[in-house]
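Structural features, examined
Given next are the chains, with one letter for each unit.
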Amino acid sequence: MTKLIIAEKPSLARAIAAGIGGNQQKDKTHIRAGEYIITWCFGHLLELKMPEDYNPSFKNWADRPIPFIPDRWEYRPAKDKSSQVSVIKKLSQSASVIINAGDPDREGSYLVDSLIRFIGFNGPVWRLLISDVNEKAVQKALSRMDRFNSTENLSRSAECRSKADWVYGLNLTTAYTLAAKKSGFNKVLSVGRVQTPVLGLLVKRKRDRDSFKPHPFYSVIATLEKGTEFQAKGRIESPESFCDSEGRLIEKSHAQDFLNSATGKPAVISSIKKEESRSSAPRLFSLADLQKHANAKLGMTASQVLSSAQELYEKGITTYPRTDCQYITDELWSDAERTLRSLAEFKPLSSATKADHKIKHSSVNNSKVGAHHAIIPTGNLSAVEQLADKTVKLFCMIADRYIAIFYPDALDEKTQAEILIGTRTFVAKGVIQKREGWRVVLGQKPSDKVLPDLAQGEEVTVKAISLSEKMTTPPDDYTEGSLIEAMTSIAKHVQDESLKSILKETDGLGTEATRAAIIEGLVKRGFIQRVTKRVVPTEEGCQFVDQIPDELSLPDMTARWEMQLKEISNGEGSEIEFLNQLIEPVTRLSQSATVNIKESSSGFTCLLCKSADLKKVSKKNGGAFWICQNDCGYSCTDNRGKPAEKSIYKCPECGSRLARRNGDKGWWWGCTGFKTGCKYTAQDQKGKPVERGKGQTVEAEQKCCPDCNKPMRLRDGKFGKFWGCTGYPECKTTVKHQHGSIG
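The following paragraphs examine the structure supplied in this document. Quick caveat, the model's predicted, so the values are computed rather than measured.

1. Here we look at the overall build of the chain
Of the regular secondary structure elements, the chain holds 22 helices and 29 strands. Expressed as lengths along the three principal axes of its C-alpha atoms, the size of the chain is roughly 90 × 90 × 65 Å. Burial status across the chain gives 48% buried among its 743 residues. Working note: accessible area of the chain is about 37,300 Å², and carbon and sulfur atoms make up 47% of it. Taking the average place of the 109 positive charges on the side chains of the chain and the average place of its 91 negative ones, the gap between the two points comes to 6 Å.

In structure tokens:
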């Protein structure tokens, strides 16, 4: 009998096979290596059955009972994956044991465990936990393999999450989509227990910005001199009624009284306090922290960061990415000398040569490491040269954070001087960096603010005392990084005070594995959009949140879910109780669903037919394009949230429309007649096509009537679309419509 290892993906299966070594037989669906057979999944091979699988009439949403909850949960192979399910089932029939080699998290455990149950295997199940796919790390994991299903509770938790999301999302999506259809809105209104509260965060931020009313706040600043000028801020003791919610002074007369009482008075140093300030390197990266920093520094979206981090992991360059942990174990710390030596061979990471592997940072903490540890480099650089530029930069970001923890603390000398001007106290603060430490690795340095050499009791010259008036500013729009940060600190956003008090700072909306997909899902459904670096709700997203009950758009319910799912993961909670508690709110919310959404205008009129708006459509692999809602055939690329084209240009060679494209070397224009053999291209100059080598702008296409020269407009006729003269009824000229142009 053999031992069957089921890996989560083919790349992991190959890494396991390499770790086992020996003579091997490789097949399209599995690898034989000694006593082991290694096969693999392609993500989730199974999915929960849909309502129409239980009753064919339920394919029509209007015919479904709301809510619909199966009496008995059933699974089916996911689309195009049934053959691999059959292969694994056949292989299991000769296996004495199955080894779950799913990723070391909740979803990875469930992915393989659900498959093992589906194929009807009743033998023992072991667990292989791999967070580093390099050969030595895999061999170490194999030698420590759990000879029981050590993550079974994690799997149970994920199964509960999957079923609960199905009940909640499917029923409420059905209810709100049907309700919206009654008012003429014909899109799917997707509701999810995580995505809808995330949308709620974005809409609330927009409402806060829209309703924000700026007000002035005041301080008193003294410009002083002793050899060099320096500034001190007045310490104004103010009653609460004189301050706003942030503690800023808003009563101008109070600030003016403070200024008047200090004006013309001598300034004496009343106290000097100096202290050494020590700061250690920031903790290692979790996925959320990496997504936040990569968005700010590299402009990468959350899904791009996850995709690149996954690639780094699969190539053995960094460790498992879907982690919420920022710590490593003593054992991983003991490997630092080897890892740092390897990193130092890569020129951008030359700071590794001066790292001290003996330094033990606070990120090294066995008690803080759960199913997986922080994202760190493995020291394997063999495949770095094959990576795209952004992925290399992401790797360097991960490696630099790792190198930095093996540098000394940074040291600063901080000085605080209190100056008495008359009877009023002013405070001056200074800071001087004494030791750069880890900052040299991460390129961080505080701005030195040097005070002159001051002594208690000495007098300094008062150059000026002035009233400073500033205006409050609205909260910033979310960036993808700050949105990820908000999703990982849910306690700040829940309304229920009793719930807030028991939530941890790390309790969040979604998981490390799902947050990027949640954001992408909201973009694709048209609820949110990216505008330069900002993430903002669309008009439809705002309308939706404004009309649904608060409990759907607030994070309170999903916060409770995550707490209960963690209890199940720890072997403490009950799956049945967890699922049963959903019935009442899902029934109430779905049966009372009412909504009236109006499709919003994009504000961009189709350049071709001029009779309809353009609609932004998201691509599956990221990015977007624009299409005409009148189906006239026009489409164009997206450019930072707007259509990339401002005019129609005709190909000088074949007469077809030119389309603006964005390639590796920037924008360019290509003929839409390429399918019929036209290979004309033009350079791009400020959004206009310029003939290569000539420098002449291609003429814009004029869709004018051939008889009266008035503009033509695309119209719907008895026999389809046609172009009609806008001079009708005086001019009755019509022209046949060809998809994307005038015939």
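Here the narrative resumes, following the displayed structure.
2. Digging into the environment of Ser114
Along the polypeptide, Ser114 turns up in helix α4 (residues 106–118). Once the C-alpha coordinates of Ser114 and Ser155 are considered, the two residues, 41 residues apart in sequence, prove to be 8.2 Å apart. Side-chain polar atoms of Ser114 contact the backbone oxygen of Leu111, separated by 3.2 Å.

3. Topic: the pattern of salt bridges
Throughout the structure, instances matching the rule amount to 44 salt bridges. Beyond isolated ion pairs, a larger network of salt bridges with shared partners links Arg106, Glu107, Arg161, Asp165, Arg193 and Glu562.

4. With respect to helix α1 (residues 10–20)
Every buried residue belonging to α1 is among Ser11, Leu12, Ala13, Ala15, Ile16, Ala17 and Gly19, and all of these are buried. Immediately beyond the C-terminal end of α1, within one or two residues, lies Gly21, with a positive phi of roughly 70°.

5. Focus on the packing of aromatic side chains
As enumerated under the stated definition, the model contains 14 aromatic pairs in all. With a centroid separation of 5.2 Å and 85° between ring planes, the pair formed by Trp73 and Trp166 is classed as edge-to-face. Here Trp73 is found in the loop between α2 (51–54) and β6 (75–77), whereas its partner Trp166 is found in helix α6 (residues 152–182), with 93 residues between them in sequence. The interplanar angle of 75° and the centroid separation of 5.7 Å between the aromatic rings of Tyr168 and Trp561 together place this pair among those described as edge-to-face. One end of the pair, Tyr168, is in helix α6; the other, Trp561, is in helix α20 (residues 556–569), and 393 residues separate them in sequence. Accessibility assignment for this pair places Tyr168 and Trp561 in one class, buried. The structure contains a cluster of three or more aromatic residues connected by ring pairs, namely Tyr54, Phe58, Phe68, Trp73 and Trp166. One cation-aromatic arrangement involves Arg660 over Trp667; the distance from NZ or CZ to the ring centre is 4.2 Å.

6. What about α20?
In this model α20 runs 20 Å from its N-terminal to its C-terminal C-alpha over 14 residues, within 8% of the 20 Å that 1.5 Å per residue would give. Those residues of α20 lying buried are Asp556, Met557, Thr558, Ala559, Trp561, Glu562, Leu565, Ile568 and Ser569. Buried positions along α20 lie against α4, α6, α16 (497–500), α19 (550–553) and α21 (575–580). Just downstream of α20, Gly571 is the residue with a positive phi angle, here 80°.

7. Quick look at the sheet that holds strand β12 (residues 410–421)
The strand order β9-β10-β13-β12-β11-β14 describes a closed barrel built from 6 strands, whose pairing is antiparallel. With direction set aside, neighbouring strand axes in the sheet form an average angle of 35°. Seen against the sheet, helix α8 (residues 252–262) touches β9 (216–226), β10 (228–234), β12, β13 (424–435) and β14 (459–471) and runs at an angle of roughly 170° to β14.

8. Notes on the pairing of strand β11 (residues 267–279)
The pairing of β11 with β12 spans 12 bridges and is antiparallel. When the bridges of β12 are listed, Lys273 appears paired with Gln416.

9. A short note on the packing of helix α10 (residues 302–314) against helix α13 (residues 389–404)
If you want to describe how two helices pack, look at the angle between their axes and the distance between the axes. Across the interface, α10 lies against α13 with an axial gap of 10 Å and an inter-helix angle of 75°. In terms of orientation, α10 lies roughly perpendicular with respect to α13. The segment α10 lies against α13, with Val305, Ser308, Ala309, Glu311 and Leu312 engaging Thr391, Leu394, Phe395 and Ile398. In terms of residue class, the contact of α10 with α13 is built from 6 nonpolar, 2 polar and 1 charged.

10. Some remarks on the nonpolar core
With 127 residues, the main nonpolar core has Tyr176, Phe395 and Phe544 as its most contacted residues. Per-element accounting of this core gives the leading share, 12 residues, to α6. Within the second largest apolar cluster, 25 residues are counted, among which are Leu12, Ile38, Ile99 and Val138.

11. Topic: a positive patch on the surface
A cluster of like positive charges, contributed by Lys233, Lys414, Lys429, Lys449 and Lys470, occupies part of the molecular surface. Along the chain, Lys429 falls in strand β13.

12. Looking at the environment of Met397
Within the secondary structure, Met397 is located in helix α13. Separated by 112 residues in sequence, Met397 and Phe285 have C-alpha atoms that sit 9.3 Å apart. Contact partners of Met397, with chain neighbours within four places excluded, come to Phe285, Leu290, His293, Ala294, Lys297 and Leu298.

13. Examining the state of the cysteines
Per the stated rule, a full pass over the model turns up 0 disulfides. The thiol sulfur of Cys651 is not disulfide-bonded, and the nearest other cysteine sulfur, from Cys678, lies at 3.7 Å. On the basis of relative accessible area, Cys651 is assigned to the buried category, the value being 3%.

14. A short note on unusual backbone geometry
Following Ile66, the chain continues to Pro67 via a peptide bond in cis, the omega torsion being 5°. Along the chain, the position of Pro67 falls in the loop between α2 and β6. In the Ramachandran plot, Asp80 falls in the positive-phi region, its phi being about 65° despite a non-glycine side chain. Locating Asp80 in the fold gives a position in the loop between β6 and α3 (82–92). By relative accessible area, Asp80 is classed as exposed at 71%. Phi at Arg640 is positive, roughly 55°, even though this residue is not glycine.

15. Examining the sheet that holds strand β18 (residues 614–618)
Strand order in the open sheet made by the 4 strands is β18-β19-β20-β21, with antiparallel pairing throughout. Looking along the sheet, the strands with just one partner apiece sit at the ends: β18 and β21 (642–643). As defined by bridge partners, strand β19 (residues 624–628) adjoins strand β20 (residues 635–639) across 3 bridges and the pair is classed as antiparallel. Among the inter-strand pairings, Phe625 is bridged to a residue of β20, identified as Thr637.

Definitions and limits used
- Residues numbered from 1 in each chain as written.
- Predicted model: local features only at pLDDT ≥ 70, side-chain atom pairs only at ≥ 80, totals over all residues.
- Heavy atoms only, no water.
- Helix = DSSP H or I, 4+ residues; strand = E, 2+ residues; numbered from the N terminus.
- Buried < 20%, exposed > 50% of the residue type's maximum accessible area, 1.4 Å probe, protein only.
- Areas by Shrake-Rupley, 256 points an atom, 1.4 Å probe, with all protein chains shown as cover.
- Lys, Arg positive; Asp, Glu negative; His and termini not counted.
- Charge placed at Lys NZ, Arg CZ, Asp CG, Glu CD.
- Polar contact = N/O pair within 3.5 Å; in protein donor to acceptor, adjacent residues only side chain to side chain.
- Salt bridge = Lys/Arg side-chain N within 4 Å of Asp/Glu carboxyl O.
- Phe/Tyr/Trp six-rings, centres within 6.5 Å; stacked < 30°, edge-to-face > 60°.
- Lys NZ or Arg CZ within 6 Å of the ring centre and 35° of its normal.
- Expected span 1.5 Å × (residues − 1).
- Contact = heavy atoms within 4.5 Å.
- Pairing = 2+ DSSP bridges.
- Axes fitted to C-alpha atoms, helices over the stretch in contact; angles between N-to-C directions.
- Parallel < 35°, antiparallel > 145°, perpendicular 65-115°, else oblique.
- Nonpolar A, V, L, I, M, F, W, Y, C, P; charged D, E, K, R; others polar.
- Core = buried A, V, L, I, M, F, W, Y, C linked by side-chain atoms within 4.5 Å.
- Patch = residues over 30% accessible without salt bridge, like charges linked within 9 Å, V, L, I, M, F, W, Y side chains within 5 Å.
- Disulfide = S-S within 2.5 Å.

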